[in-house]
Structures are given as structure tokens and as C-alpha cells.
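# Reading the structure
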Amino acid sequence: MIASVMFYALYPLSRFFGRLSELWRKAPCVYVNGKEVWDGGGAVSGAQQTGLSLQWHSAGDTGPGPDHAETESPQGALEMACMETCVNDGNDEEAASVREEEASARDPVMNDPAFSRTEGQTHSDGHSCAHAVEMAAHAVYDADRMMDSSLADLYLGSGSEALLHTGSPVYDLSALLADSPPVQTAAEPLGWHFPTGLGLSQMCCRPYVQFPDVSYYPAFQHNDSIEVTWRVWEDFSESRTGAFVDAADAFDFSIMSYNILAQDLLEANPGLYTHCPEEVLAWDARLRTILRELQIWQPDIICLQEVQEDHFHKQMYPVLAEMGYTCIYKRRTGSKTDGCVVCYSSERFTQLSVKLLEFRRPDCELLDRDNVAIVLLLQPLSAHTEALSPVCVANTHLLFNPRRGDVKLAQLAIVFAEIDAMIEKCRSEGRRCEVVLCGDFNALPNSPLWRFVSSGQLYYHGLPTWMVSGQTDLSYKVHHPRLVAPLWPSSLGVSDRCQYQSESQTAASGIFPVCNRQYSHDSMLQLRYCPAACVRPADLELIPGVTDKTPGDRLTPAALESALSLDPTYPEDMEMFSRRFGLTLHHSLSLASAYSEVRPDTQSPAVSTLNSDGAAMVDYIFYSTRRSGSAGEEGGLQMLGRLSLLSAADLWCLKGLPNQTFPSDHLSLLVKLQLRSLSGSNSRLV
């Protein structure tokens, strides 16, 4: 009983406060071209809106007045007509005739003979309810036609002015756009940028379009400088002062280095590509883009890294063979499924020799990684083939681990030793040999490893292993491994000058194989004067007369006499160990990088790879340059052009790497080089 009383007392109050809140929240409606586009939280229904429009166009009214609080919708008129006709069925034929004449006068369709016959038949049936429904429907149709025509006259006739009625703004979109000035575009096609160069005949860049401020659409930001999102070709053939005068004495060729990102590695490291949509990571889409890029540029030599073995043999090799390439593939050792590829045009080169290198050596604890390399000796084919020197092309992918710079240096030393062996073979035949070194070195520009390749020497003793490649900064750590001599054991057969040593040379230098080492008292005494033993540890406690003594010139005469009495070969030991364990690495190649660390146009850092962890430049093409000095050593290659790199900001504007334009997390490197023939070695230079 009490619950019933509370319900009947509180329910009307809740409805009353609900109506007050609705009225408080209700906002005026907004109509565009007679259609409601925003109700402000309290829009009227479609039936009410149509009824309001009919009331606006009633006789003698130009718009809805403030006194018109109630309107009758066409649906309501239809119901009322049905009710009245059904009640008064059979009465007052004159009223029906009057309604017919009014409808005929407003709509020409009503005057059609066929329509009149149908209407007459309907009247002859006794003015049924169906006839009333049909007449009401025609009335609604006629009202809608009147509303459309009246609205067009009312709003379009006033231009871009907005008519406000009962607090409801009404905007005409067509009038606003018609009154806006036309879109401003450049009178001359200067804003369109058509890059020139190899493979760019179908590429262009669209400028920004500036819309006026009064336009309905928001204006784009005006930018006079057109930024090219596609990579352009940088031509150095005219700017370089060393270009050859006689083109018949030169052989031009192009070479590409490209890490195409093996699909297995992509799927094994999904955290590196969280910024990429799934469709750009699919292999089929990436493969089509990779092959299209190769077909656009058609380089004479292609060096690829991270090429998955099954994808290469089943999908890539048939296409490359059809394009006229001879391909050499080397898979990484162990359980790895990707490797390196070198392809060369059979019409422009012939193969002289090839060496497939594996960096994993079971007898060397340092070299326990599965990286590989390909070293190839090619002979250019032209009308002056005999006068052209061969070209040694090397392709490698060094270890990624930023903390293992010692492994990277050892792998690079093996590549240099193999290149040196091919150069020595050409020299024994009285020929000069040029070198092109490509690959993913996993080292930043100006890092110790990069300087070693460019300058030919590196003082490595005491260098932290993480600092070799410069990929990461671990200086915050208190203790980290450092490089000490020797970097690799003598069993590797590679000297500190990155050259192969025979067994006789190894024995003559006093370096003993690992299998013959005996850590006896006598063998340990031989190491007491090596440079590594003469370096004082930083945390060694200073004990006067004990830990402050070093061998060599600092020895007192008494101590030197004592050392000679214990070991008469003391001076010979010092010389032997200094020769055996050099603290500096050397190589005899004169190499220069085809790419600089900054973009010449914007001075922003150039990058060759980008993923979710960051962007860097780790891919390079090194080529042999002209040597100055002794006669007959002036050869070298001349760079005629290159495909420009992009900055990290440019790549992030393209949603990072990979994307629909660049299918890998690395950018391809493309360089055009010129080889001078031996007959033109004395030709005059520009």
C-alpha cells in the first residue's frame, strides 16, 4: 500500500523534472539545404521537420513566425483525412470535387487524362476509404514538391546569406561554395617537380593546392618549397674534375647494394615493425616492389643481403635470370635461412673467379658466428676488353651485435685478405685490379670500423668492443671488454695487415698454432715481455719496487743485467713479440665511401635503415680510388652518380620502413662508376 502511494506520488514529479531538463538542454536546430545536419542535442524528428517546412510555405507566409508553435505533419494530415472520409463516407461529393480541382491546379500531373480516368473510376465506387488514402497521398506528394521549389527560391535567391528563423541557423552549402573565389593554382606548372635521371621518367611530385580562406573546406598550408619524396639521381659526371675526356677509353657500370629483409627475420622480430600495417609486411607485396625496383634501375651488378634461400631459388632467380643476370648465392651457416647474393649482367661482365667465405671457424673461438661473404672477380666486356682491368666485387653482411666489435673486425679482416689474394693474382699476371666493397656493415659513419675501411689502419689496443661499430653507447658501464693483442689466433692464417700467411710465414714470425701451444713454465716465460703484459692494469695496487717496474728502457742496469743472465735472448724476444702482436690493423686497399653521412642539400643526417628502434646509416659501397705516388699506381674508379638517400624525418612521413614504396627496412644504394682502360692511362684529364 505504501509502495503504491509513493509510486503514484513520485512518478508525476519525475516526469515533470524530466521535461524541464529536456527543455533546458534543447538547442536550436541547424539545417543545410533544407536538411537537418545537427540538432544540438534536441533535434526535431523527420516528420516534424517536414511539417515545419510545409507551414513555412503556407499562403501569405515567407517564413515560420514566432506564433506558430504547433505544426501539422503530412503524416498527421494523412491520418486525419482517412478518419474523416471513413466517417463521412458517401457524403458531400462537392467537397471531394473541390479538393480534386485544387490538386489539379497545383500539379500538372493531375490534369493527365489517364489520371483523370483512374480518379473517376475511384469516385464511382462510392467514395471509399481507399480513395481518401490515395487523395491524401497525392496531397503529401504535392506538399513536398512545393517545399522543394519554395526552399530553392528562398535560400538560393539570397546568395551566401544565412536566414535565421526561430533561432535555428540555416546554411546553404551550394551558395557558400558558389560565392567562394575559385581555387588558386599556379598559372605555370612550376610547382610540379619531375625528377630527372635514371629510372625517374615516370616519377613526379605534386605540389600543395592552396584554397582561399572563405572556402567551406579548410585551407592547406602553403609551402613554396616542393619536397621530393622519391629518391632522385645525383649526377657528378660534370661537376667532378677527374672525368675522362675520351669516352672510348672508359667503361661505365652501375652497382647496387640492397638489404631486402628476409621474411623469416621479419617474422622473428615483430617488435621492430610495430609501426607498419600488415599489408606492407606481406612477402608477396614486398617481392613485387623489390623486383619492380630492380627492373626500374637495372644495375649491372647487384649485391643483396638477407635473401631467404627458398624465396630466392623459387621466386627471385627466375626473374633475375630472365633479365640477363648470372647469380651467385651463399646461405649463412648453421640454421640460418638467409644469405648474400651477387648478380652481374652477362652482357657486360664475365666471371674470372669466385670465393664463397664462411666466417665461422671451428678452430677459432672468436669466429663463432654464421655470417658469410662473396668475393667475385669480374672482367668487363667491351670493344677494348683487353685494355680494361678486372674488378673485384665483394658483398658481405657483418655481425649485428653492437657489443662484439672484435668479431666484426675479424670478419672484415678475412674479407680484406681474400680481396688482397685476388689482387695479388692479377698483379702476378701484370694487370691492375679495382675493388668495390658492398654490404651491410652494421657500423655507423666515422666509427672506428668505418675509419679502418676508409683510412686503411686502426689502432685498436684498449678500444672498448662496443665502440668499434658505434651502434650503441655503453660508456655508462663500469666494466666492459676491450680489444687486446692479438685480436685473433695464428691458426686463422691472417696477419695484422689483413693478408693471408702461409705456414712457412707463420713459423718464421714465431706465431705458434693453437694446437701446439703448451702452457708450461717455459712457454709462459716467453710471454712476459709481450706488449699486453707491459700494460699496467688500472686497478693494480702500487707496490714500490714490485708493481712499478716495467721491462725495456726503464730497467735499471742491474735489473737489465739480471734479465739477460736469466734469458740471454731478451732483446730478441722483445722484437719478436712486437712484430708478432701489432697494436694496429692495416690493409693495402685505397677505398672511399660512395655515400656521405649527411645529405648535401639539407645537411641532415642520411640514413639507410629505419625500424621501430631507430634509424641509422649502416649500408655502404666502398670503391677503390686513384692512388698518388709511384708511377703505374694511378688507377682507381671514378664515381659518376648515385641514388640519393633520405633522412629519418622523410621516412617517417612515409610511415617508416617498410612501406608501400620501399619494401624493406633498408634503402637500396645505387652508384654509377667509371673504369679507365689501360690504353687511356696517359690520357689528359679535365
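Scroll up to find the structure this text is about.
Residues numbered from 1 in each chain as written. Predicted model: local features only at pLDDT ≥ 70, side-chain atom pairs only at ≥ 80, totals over all residues. Heavy atoms only, no water.

### Considering the overall build of the chain
Counting its secondary structure elements, the chain contains 18 helices and 21 strands. Within the chain, the fraction of its 686 residues that count as buried is 42%. At a minimum sequence separation of 6, the contacts of the chain that also span at least 24 residues come to 69%. (Helix = DSSP H or I, 4+ residues; strand = E, 2+ residues; numbered from the N terminus. Buried < 20%, exposed > 50% of the residue type's maximum accessible area, 1.4 Å probe, protein only. Contact = heavy atoms within 4.5 Å.)

### Description of the packing of aromatic side chains
Counted under the stated rule, the structure contains 10 aromatic pairs. When the centroid spacing of 5.7 Å and the interplanar angle of 90° are considered together, the rings of F253 and F349 count as edge-to-face. Of this pair, F253 sits in strand β6 (residues 250-259) while F349 sits in strand β10 (residues 349-358), and the two are 96 residues apart along the sequence. Considered together, F253 and F349 belong to a single accessibility category, that of buried residues. An aromatic cluster of at least three residues, connected via ring pairs, comprises F251, F253 and F349. (Phe/Tyr/Trp six-rings, centres within 6.5 Å; stacked < 30°, edge-to-face > 60°.)

### Some remarks on the pairing of strand β11 (residues 372-380)
Most of β11 is tucked away: 9 of the 9 residues are buried. With burial as the criterion, each face of β11 is covered, one bearing V372, I374, L376, L378 and P380 and the other bearing A373, V375, L377 and Q379. Inspection of the sheet shows β10 paired to β11 by 9 bridges, in the antiparallel sense. Paired with K355 across the two strands is V375, which belongs to β11. (Pairing = 2+ DSSP bridges.)

### Some details on the state of the cysteines
By the definition in use, this model includes 0 disulfides. In this structure C327 is not part of a disulfide, and its nearest cysteine sulfur, from C343, lies 3.0 Å away. Of the cysteine sulfurs around C340, a residue in no disulfide, the closest is that of C303, at 8.9 Å. Residue C340 is classed as buried on the basis of its relative accessible area of 2%. (Disulfide = S-S within 2.5 Å.)

### Brief notes about the pattern of salt bridges
Evaluation of the coordinates by the stated rule reveals 13 salt bridges. We note a salt bridge from R642 to E234, for which the minimum N-O separation is 2.7 Å. With R642 in strand β20 (residues 637-643) and E234 in strand β5 (residues 233-235), this pair connects stretches of sequence that are 408 residues apart. With a relative accessible area of 9%, R642 lands in the buried category. (Salt bridge = Lys/Arg side-chain N within 4 Å of Asp/Glu carboxyl O.)

### Overview of the sheet that holds β10
An order of β10-β11-β12-β13-β19-β16 is seen for the 6 strands of this open sheet, with the pairing classed as mixed. Looking at strand neighbours, the two that pair on one side only are β10 and β16 (591-593), the edges of this open sheet. Averaged over all adjacent pairs, the angle separating strand axes in this sheet is 20°, with direction ignored. Summarising the sheet, β11 and strand β12 (residues 391-397) pair through 6 bridges and their orientation is antiparallel. If you follow L376 over to β12, its bridge partner there is V393. (Axes fitted to C-alpha atoms, helices over the stretch in contact; angles between N-to-C directions.)

### Concerning helix α11 (residues 309-322)
Between its first and last C-alpha, α11 extends 19 Å over 14 residues, near the 20 Å set by a 1.5 Å rise per residue. At M316, α11 is bent by approximately 50°, the largest bend along its length, and proline P318 sits one to four residues beyond. When α11 is considered as a whole, its buried residues turn out to be H311, F312, M316 and L320. Buried residues belonging to α11 abut α8 (263-268), α10 (283-297), β7 (301-308), β8 (325-331) and β9 (338-345). Looking one or two residues beyond α11, the residue adopting positive phi is G324, at roughly 95°. (Expected span 1.5 Å × (residues − 1). Bend = angle between axes of the 7 residues up to and from the residue.)

### Quick look at the nonpolar core
With 114 residues, the main nonpolar core has F416 and I419 as its most contacted residues. Considering each element in turn, this core owes the most residues, 13 residues, to helix α12 (residues 405-428). The contact partners of F416, leaving out residues within four places of it in the chain, are L437, F452, V453, C498, H587, L589 and L591. Ranked by size, the runner-up nonpolar core spans 6 residues in total, among them L261, L266, C276 and L281. (Core = buried A, V, L, I, M, F, W, Y, C linked by side-chain atoms within 4.5 Å.)

### Regarding α12
With 24 residues, α12 should cover 34 Å at 1.5 Å per step; its first-to-last C-alpha distance of 34 Å lies within 8% of that length. Most of α12 is tucked away: 19 of the 24 residues are buried. At the C-terminal side of α12, G430 shows a positive phi close to 80°.

### Observations regarding the environment of P318
Topologically, P318 is positioned in helix α11. Those residues in contact with P318 that sit more than four places away from it in its chain are F312 and H313.

No statement about biological role is implied by the geometric values presented.
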